Amino acid sequence: MSYVTTTKIEGEFDLEIEEDDVTSEVQFWENTLILYGMGEDLSMTAVKNFMVKSWSFETLPDMYYHEDGYFLLRFKSHEDMDGVMMKGPYTLRNIPIILKEWRPNYNVKDYMLRTLPIWVKLPKLPLHLWGARSLNKIGSTIGVPLVTDECTAHKLRVSYARILVEVDITRKLADEITIKDPEGRLLKQGIEYEWRPKFCDKCQRVGHQCGMEPKKKVWRPKPPNLEPDPVPVICTPKEDKDKETVVEQAWTMVNKATGDRGQKRIMYVEASTSVPVPCKLREISSRLRELRPDICILLETRVKSDKACSIRNKINLGGRFVDNYSHHSNERIWIHWNEGMVDIRVMNSSSQHIHCGVYDTHGNFRYWLTAIYALNHLEGRMRLWDGIANIHRTQQGPWCVVGDYNNVLTTQDRMGGNLVTEAEYEDLHNMMNSTGLGDMDSCGDFFTWFNNQIRNPIYSRIDRLLANVEWFHLYSEATLNILPSSVSDHALLHVSLAKTRSLPKLFRFSNHLVAIEGFERVVRERWLKPARGRPMQVLWHKLQRLKAALGVLRKPFNDIRLNLEKCRTALQNAQASLQHDRTNCIIIERVKNLTVEVVKWNTREEQILQQR
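Quantities reported herein were computed from a predicted structural model and do not represent experimental measurements.

A. Representation of a nonpolar patch on the surface. Judged by side-chain polarity, Trp527, Leu528, Met536, Leu539 and Leu543 come together as a nonpolar surface patch covering roughly 520 Å² of accessible area. Put simply, the parts of the chain that give the nonpolar patch at least two residues each are helix H12 (519-528) and helix H13 (535-553). Take the nonpolar patch: its biggest share by element is 3 residues, from H13. Mapped onto the secondary structure, Leu539 falls in helix H13.

B. Examining the pattern of salt bridges more closely. According to the stated counting rule, one finds 15 salt bridges in the structure shown. Of the charged contacts, one joins Arg582 and Asp445 as a salt bridge, the two residues approaching to 2.2 Å between their closest N and O atoms. With Arg582 in the loop between helix H14 (555-578) and helix H15 (585-611) and Asp445 in the loop between strand S28 (442-444) and strand S29 (449-450), this pair connects stretches of sequence that are 137 residues apart. A single burial state applies to Arg582 and to Asp445, both of which are buried. Note that Glu525 and Arg526 form a salt bridge whose closest N and O atoms lie 3.5 Å from each other. Assessed through its relative accessible area of 44%, Glu525 is described here as partly exposed. Among the ionic contacts, a cluster of salt bridges with common partners joins Asp62, Arg74 and Lys76.

C. Layout of the sheet that holds strand S24 (residues 365-373). With respect to topology, 6 strands assemble into an open sheet ordered S22-S23-S24-S25-S31-S27, the strand pairing being mixed. The two strands at the open ends of the sheet, each matched to only one other strand, are strand S22 (342-349) and strand S27 (438-439). Bridging between strand S25 (residues 399-404) and strand S31 (residues 463-467) involves 5 bridges; their strand directions are antiparallel. Bridge pairing in S31 links Val401 to Leu466.

D. Focus on the packing of helix H9 (residues 378-393) against helix H10 (residues 422-435). Between H9 and H10, whose axes approach to 9 Å, the crossing angle comes to 5°. Viewed along their axes, H9 and H10 adopt a mutual orientation that is roughly parallel. Across from Leu378, Met382, Trp385, Ile388, Ala389 and His392 in H9, the residues of H10 making contact are Asp427, Leu428, Met431, Ser434 and Thr435.

E. Fine view of unusual backbone geometry. At Lys124, a position not held by glycine, the phi torsion is positive, near 55°. Residue position: Lys124 is located in the loop between strand S8 (115-123) and helix H5 (132-140). On the accessibility criterion, Lys124 (75% relative accessible area) is exposed.

Cut-off values and rules
Residues numbered from 1 in each chain as written. Predicted model: local features only at pLDDT ≥ 70, side-chain atom pairs only at ≥ 80, totals over all residues. Heavy atoms only, no water. Patch = residues over 30% accessible without salt bridge, like charges linked within 9 Å, V, L, I, M, F, W, Y side chains within 5 Å. Areas by Shrake-Rupley, 256 points an atom, 1.4 Å probe, with all protein chains shown as cover. Salt bridge = Lys/Arg side-chain N within 4 Å of Asp/Glu carboxyl O. Helix = DSSP H or I, 4+ residues; strand = E, 2+ residues; numbered from the N terminus. Buried < 20%, exposed > 50% of the residue type's maximum accessible area, 1.4 Å probe, protein only. Pairing = 2+ DSSP bridges. Axes fitted to C-alpha atoms, helices over the stretch in contact; angles between N-to-C directions. Parallel < 35°, antiparallel > 145°, perpendicular 65-115°, else oblique. Contact = heavy atoms within 4.5 Å.

Laid out in structure tokens, this is it:
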């Protein structure tokens, strides 16, 4: 630093800061956003976890904390800053996150402590008032309207409209407004706020009110843990001729290849069946052949222990496996893995989870993996959340938890049926906060489960992958894709960590061709026909002739395969159309009919194989 001469006028210094004095600092902070959590002071760890989970598509900014409770986020480029702003708005632990662009004369306290965005519901809003101009006028009576949610914009849900409004929290929030329609009628429209912030007039601060007694916590005894000590069972598949079994509620596949071949991927699938027919297993086996997972996790199988090997053989689940039969008679979770690619070492298990470590073939640790199937009642899920919290306290390193949570995470995670209340996801939120787990963003369809009902369709997002910061750092380029569900009512979830190289399609010889009439004659004619060239050229020409002849011989079987593939493609297209018009009875009926067609062609294929 250096001394600068100053002047005094009437006993006071006349100090003037010129534009050249601040140019360098303005340039330093020009790509900066101000982040503020309304209603609660956020820690640097919480904000860092939030950025890693939500902004993986951009280079993470440098973070600076101010003692007034807000953060300065300095981005590497203006494009990165715009990308973050365009993806908002955001929430952290159900707390609205305010992001504003930094300006030299910007006063954080004067602005951010007065206004914040709140999601507002307009229950039973008449359908002729769902236009953008009408919603703008209704939202302007509450505050400054910002955006609507997807269901409101595309009219996917007509029981209530939902808009994001920036309100002045120093004023009383209106619970009802009066609307005058074009015919002159006065309508009383109720207003529901998903979050009502507390504002203290004395402290001029959000989150509390002076003079009000804090809510006392009521002590409740913790329910005893009636589950036996975890005893994981590791074995190899055995042959079993029993054909009567059902795979009923869910599929999960987590597919991860080692770094030796440059591919890393995780796959999660859920499928369900309601009738004990072999074609259901064939459809599941077909998807497994297509995905080729290294780790496969099955949930809610409802398969007795004496029939498990038969089902594993039918689905072609090779390698080693672990299950939790010691905790549940019908077994809820299977984990299979290809021991030539990865190694699984089980740490503990219960009736709702199996926790294990994933290693490469050389014994190097990759990450922790917990496969879960949560019960459909609150007490059971609370035991699972406590178990996950205990795992967090006893380990370190990258960790992901994948499975059927049987629990929504936000108010937007269900469409149709009863409205989501905060009490439904409060316990899950608390568990995630205590363990540092965050939900992974997804591409494709938002919902992962559908009740397949035409009159009262219900969509929910209950299948997900949660992970900690270390896992998101390790797989920063991962993307979660929600794929069509095929014959299931659960979607297929696929986490892609690297692009996989597709292999050329090869000719496959089916053993049933030997039993077809004329097989020996066709092979003899094509093979004994002379060919010229070196020995390997002669062999290649004979195989090519035989390949074409066998293709004609198995044409009836190929026709069934072709019809099966056409039905599968049509089913996927119908399910994709259902994403844009979820209450369309015609599309729902088409999905149900195509599901039956896929099952029918699988059955015919199975019958032909049995006859031959």
